[in-house]
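Structural characterization, general
Residue-level listing of the chains:
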Amino acid sequence: MKIQDNIDTFNSLVKRRGFIWGPSPEIYGGFAGFYTYGPAGSALKNKILSLFRKELSYFGFLEVECPTIMPEIVWEASGHLERFIDYITRCTKCKSLYRADKILKELLPDTLIDGLSKKELNKLIKTKNLKCPSCDSLLGEIEEYNLMLKTNVGDNNIAYLRPETATTTYLLFNRLDNYARKKYPIKVFQYGKAHRNEISPRQGIIRMRTFDQLELQLFIGKEQEMTLEEYFDVKNEELPFLDWKTQTKNIYKPNIISLEEAINSGVIKKPAFAYCLYISYFLTKRFGYENGLIRLRQHSPAERAHYADDAWDLEIETRQYGWIEICGIHDRTDYDLRRHQEFSKQNFEISMDTSSNKKEIPQVLEIAFGIDRILYTLLESCFDVKEQRINLKLKPFLAPYSVAVFPLIKNKKEIRDLAKKVQKKLLNNRIASFYDETGSIGKRYRRQDELGTPFCITIDYESLEDQSVTIRYRDSMEQERIKINKIPDIISRNLISI
RNA sequence: GCGCUCGUUGUAUAGAGGUAGUAUUCAGGCCUUCCAAGCCUGUGGCCCGGGUUCGAUUCCCGGCGGGCGCACCA
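Before going into details, it helps to say that this report is about the structure given with it. The shown structure was predicted, so the numbers you read here are calculated from the model rather than taken from an experiment.

**Side note on the protein's contact with RNA strand B**
Near RNA strand B, the surroundings consist of 48 residues, among which Arg99, Arg196, Ser440, Tyr445 and Thr470 are the closest. Here the atoms of RNA strand B within 4 Å of the protein split so that 50% fall in sugar or phosphate, with bases taking the remainder. Separating a sugar or linking oxygen of RNA strand B from a side-chain N or O atom of serine 12 is a distance of 2.8 Å. One of the backbone N or O atoms of methionine 477 is found 2.8 Å from a base nitrogen in RNA strand B. Only α1 (7-16), β6 (97-99), α17 (441-451) and β23 (468-473) provide two or more residues apiece to the surface near RNA strand B. For the surface near RNA strand B, the class distribution of residues is 17 nonpolar, 16 polar and 15 charged.

Quick look at the structure:
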């Protein structure tokens, strides 16, 4: 197969090298929207998470982990039950599926549709004899389509698999208030599975029915949103902003301005929210995306979720799918805590300032990363083909394997033995490494290039005499001579992520 | 979900109503003193179900899955 710098070569690499397999289960023909990470993919994902955890601890975030299944009342309170169930209508003949409110607005532009009940919508469809736009047959009865996966727990308790991790974190509010000893903002995050019953999953792991989220929450006072200290430390940082008003002029090139300028020009209202945008950008940059591939795009008021006062997507440009959201930053106000207070009858009004007796329900700022999308966009943006050589130029600390060890030739026992010894030494230092003696030395280098292994160590005749080896660097393909006892140090130093 | 289209070794592909080639990968061997060399040997495949037929991987129907367009996307 000729190696070409194209998306087909990339897609085949992702499968061949054990990053992503599916749809799973493959041996039964697959189930749309479900994928598996192979060994290389799992390793990459773990390294992504470990970088997140390291950085989040630096920013002062606490980690929690909640159940993925929650009783119905949680979703009633969060608003998901209402918002995630769409009224739909099917054409009686061609079976085309439409969202009831949308199709009614289209067919009856002069009628007020918003807020109508299921019964009223049905009545409209019948009395007006509404017809399917694609085949002109009658539209059927209203049905419900639930984007949340429903299940039964115990005898007959209705429950739902969480469609986001955020809500489950909010349920911990009074515990966290105690734990953090009222030091606001409380910064907390949760990593875990979320599930959505997508009507038609597409684009591989970009839209799955079960996926990984890592969501950061800031519980913060209303006044504190305007005065947050952390903002003043980073207000001169420049980010690629694309606000919604600019988008209405069909301009999609981001404007690189500082957080302070964004606040002053009114693009962002609250310094604390600006700080959240900064965190999302900073964390994303740590993975090594190139500048031109990142933008922060603001949602128009119509595009926002039911809970959001302001919303931005951090997007990465991909060759295969265009701009992809890898992180959503939302100002959820006090919506969630207020609703959970109401439904749970707990008291979430607290005094955040010991000098006054004023009580308030904290505001919530949310930074929601999609881990699978980070993994995909990273793979794609690191994929590099030059002169028939595939190189997956992941940052060394993200590569599934850190080092590969080769004997220069395999039919010389002393060289093999020493190579195996060197690999054992690496393993003893807990450095993820790989031994390979099959094929020519060049072929073995290429194998590791495809996996993104940043360092290869080759043992040759000279090594037997002076205990030195060749270390070969993935991106430059340069080689250096180093002593065997220095290997763990040199590798460890090169793997440091800062 | 609708429409179009596609589904052949791990990957990428060829092909015909009589169960399959090619490239590469992979395993073993020979060779090899640093960037996919060469030679030999070997492993491995027609998405699932039904129908038509003496015979189906090939034709038909249905399902499942992929791609694209529409719809959907908290």
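**Here's the deal with the pairing of strand β22 (residues 455-459)**
Of all 5 residues in β22, 5 are buried, a share of seventy percent or more. Of the two faces of β22, the one lined by Phe455, Ile457 and Ile459 and the one lined by Cys456 and Thr458 are each fully buried. Of the pairings in the sheet, the one linking strand β20 (residues 403-407) to β22 comprises 5 bridges and is parallel in character. Bridge pairing in β22 places proline 407 opposite isoleucine 459. Looking at chain direction, β22 and β23 are connected through 4 bridges and run antiparallel. Paired with threonine 458 across the strands is threonine 470, a residue of β23.

**Brief notes about the pairing of strand β9 (residues 157-161)**
Here strand β4 (residues 69-71) runs beside β9; their pairing, made up of 3 bridges, is antiparallel. For isoleucine 69, the partnering residue across the bridge sits in β9 and is leucine 161. Across 4 bridges, the pairing between strand β8 (residues 150-153) and β9 is antiparallel. In the sheet register, lysine 150 faces β9, and the bridge partner there is tyrosine 160. Linkage of β8 to β9, two consecutive antiparallel strands, is achieved through a turn of 3 residues, within which glycine 154 is found at a positive phi near 60 degrees.

**Thoughts on the sheet that holds β9**
Think of a sheet as strands paired side by side through backbone hydrogen bonds, with each pair either parallel or antiparallel. If you walk across this open sheet you meet the 3 strands as β4-β9-β8, and the pairing is antiparallel. Bordering the open sheet on either side are β4 and β8, each of which pairs with just one other strand. Neighbour-to-neighbour, the strand axes of the sheet open up by a mean angle of 45 degrees, direction not taken into account.

**A word on the packing of α1 against helix α15 (residues 371-382)**
At a minimum axis separation of 11 Å, α1 and α15 run at an interaxial angle of 125 degrees. It follows from the interaxial angle that α1 and α15 lie oblique. Here the hand of the crossing between α1 and α15 comes out right-handed. Counted together, Ile7, Phe10 and Val14 of α1 and Tyr376, Leu379 and Glu380 of α15 form the full contact between these two elements. Within the contact of α1 with α15, the residues separate by chemical class into 5 nonpolar, no polar and 1 charged.

**Considering the pattern of salt bridges**
Under the criterion given, the structure shown has 33 salt bridges. Glutamate 63 is the salt-bridge partner of arginine 53, the closest N and O atoms lying 2.8 Å from each other. With arginine 53 in helix α2 (residues 39-58) and glutamate 63 in strand β3 (residues 62-64), this residue pair connects regions lying 10 residues apart in the sequence. Under the relative-accessibility criterion, arginine 53 is labelled partly exposed at 34%. The class of glutamate 63 is partly exposed, set by a relative accessible area of 36%.

**A few points about the sheet that holds strand β21 (residues 433-435)**
Sheet architecture is open: 5 strands sit in the order β21-β20-β22-β23-β24, paired in mixed fashion. Taken across any chain shown, the strands that pair with only one partner, and hence form the sheet edges, are β21 and β24 (479-483). Neighbour to neighbour, the strand axes of the sheet diverge by 25 degrees on average, direction disregarded. Relative to β21, β20 runs parallel, the two being bridged by 3 bridges. Pairing of valine 405 across the sheet is with tyrosine 435, part of β21. Helix α16 (residues 413-428) rests against β20, β21 and β22 of the sheet, and its axis sits at about 165 degrees to β20.

**With respect to the environment of asparagine 6**
Note that asparagine 6 resides in the segment before α1. Overall, the relative accessible area of 21% leaves asparagine 6 in the partly exposed class. Separated by 79 residues in the primary sequence, asparagine 6 and isoleucine 85 place their C-alpha atoms 40 Å from one another. Here asparagine 6 is in contact with Arg319 and Phe383, once residues within four sequence places are set aside.

What counts and what doesn't
Residues numbered from 1 in each chain as written. Chains lettered and ligands numbered in written order. Predicted model: local features only at pLDDT ≥ 70, side-chain atom pairs only at ≥ 80, totals over all residues. Heavy atoms only, no water. Near = heavy atom within 4 Å. Polar contact = N/O pair within 3.5 Å; in protein donor to acceptor, adjacent residues only side chain to side chain. Helix = DSSP H or I, 4+ residues; strand = E, 2+ residues; numbered from the N terminus. Nonpolar A, V, L, I, M, F, W, Y, C, P; charged D, E, K, R; others polar. Buried < 20%, exposed > 50% of the residue type's maximum accessible area, 1.4 Å probe, protein only. Pairing = 2+ DSSP bridges. Axes fitted to C-alpha atoms, helices over the stretch in contact; angles between N-to-C directions. Parallel < 35°, antiparallel > 145°, perpendicular 65-115°, else oblique. Left-handed = near helix turned anticlockwise from the far one by under 90°. Contact = heavy atoms within 4.5 Å. Salt bridge = Lys/Arg side-chain N within 4 Å of Asp/Glu carboxyl O.

Bear in mind that shape data such as this cannot, by itself, settle questions of function.
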